[in-house]
Each structure stands twice: as C-alpha cells, then as structure tokens.
Amino acid sequence: MNNYETVFILTPVLSDAQVEEAVKKFEDLIKEKNCEIVAKENWGLKKLAYPIQLKKNGFYTLIEFKGEGTVVADLELAFKRDERVIRYLTTKLDKHAIEYAITRRTKVKTAKA
C-alpha cells in the first residue's frame, strides 16, 4: 500500500451542496477501490494563480489516502470526465512527505481548536 495525496479544484460556479456532492463522489470512488482515506481538507474558495477556463477562483480540496497504484489512474480518469473539475494533481508520498503531512494536519487541528 502506497500513500498518496490528491488536490483538485472545482469550478467556482457550484453551490456548497454541489461541491460537497462532487467531493463525496471522489471519496466514494477511492473507497470502492479498497483504499483508506487518511485525511480530507476542504480549503474553500481560493484565487487561482492564473485564469483557467476564464475562471479566476476555484474550490480546492485535498484528500490523502492509502492504496494500490492502480487507483490513481481510475481517479484521474474520473477527474477528466467530470466537467466540474478544472485541475487536479495526485502525488505519491515518500516517508518525508508523510511525516510532513502528519505535522501539517496536527497544526491545522490545533489552530482550529
């Protein structure tokens, strides 16, 4: 089992309910492939570094999961087919990135508390 994290940006014209529905769709896909979701962060509506499809903002979501390498291709195919997704990136985490992700999650939890 490898550790992965995926960040995807949804189009800003969606309502909160539509954003939640889209995120749930990708979470369910990950779970269907026998992967374990380690963490999920909703970063909200953020300004893009450059316009994409004439849009200047997007809803960012980060999902960390453990699974086999074959799930990445299925997940990215789902991103390509979904018109609500304007950008995505999935990376495999090495041991240093895993440690950093754990540290980042604990800082986010303490900051919210």
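Now for a look at the structure at hand. (Residues numbered from 1 in each chain as written. Predicted model: local features only at pLDDT ≥ 70, side-chain atom pairs only at ≥ 80, totals over all residues. Heavy atoms only, no water.)

### Quick word on unusual backbone geometry
In step 1: In this model, Asn 34 sits at a positive phi of 60°, which is unusual for a non-glycine residue.
In step 2: Counting through the fold element by element, Asn 34 comes out in the loop between α1 (16–32) and β2 (36–52).
In step 3: Although it is not a glycine, Leu 54 sits at a positive phi angle of roughly 65°.
In step 4: Mapped onto the secondary structure, Leu 54 falls in the loop between β2 and β3 (55–67). (Helix = DSSP H or I, 4+ residues; strand = E, 2+ residues; numbered from the N terminus.)

### As for the packing of aromatic side chains
In step 1: Taken as a whole and assessed by the stated rule, the structure comprises 6 aromatic pairs.
In step 2: An aromatic cluster is built from Phe 8, Phe 26, Phe 79 and Tyr 88, whose rings are joined through pairwise contacts. (Phe/Tyr/Trp six-rings, centres within 6.5 Å; stacked < 30°, edge-to-face > 60°.)

### Observations regarding the pairing of β2
Within a regular strand, the side chains alternate between the two sheet faces.
In step 1: Summarising the sheet, β2 and β3 pair through 11 bridges and their orientation is antiparallel. If you follow Lys 46 over to β3, its bridge partner there is Gly 58.
In step 2: Taking the residues between adjacent antiparallel strands as the criterion, β2 and β3 are bridged by 2 residues, where Gln 53 takes a positive phi near 50°. (Pairing = 2+ DSSP bridges.)

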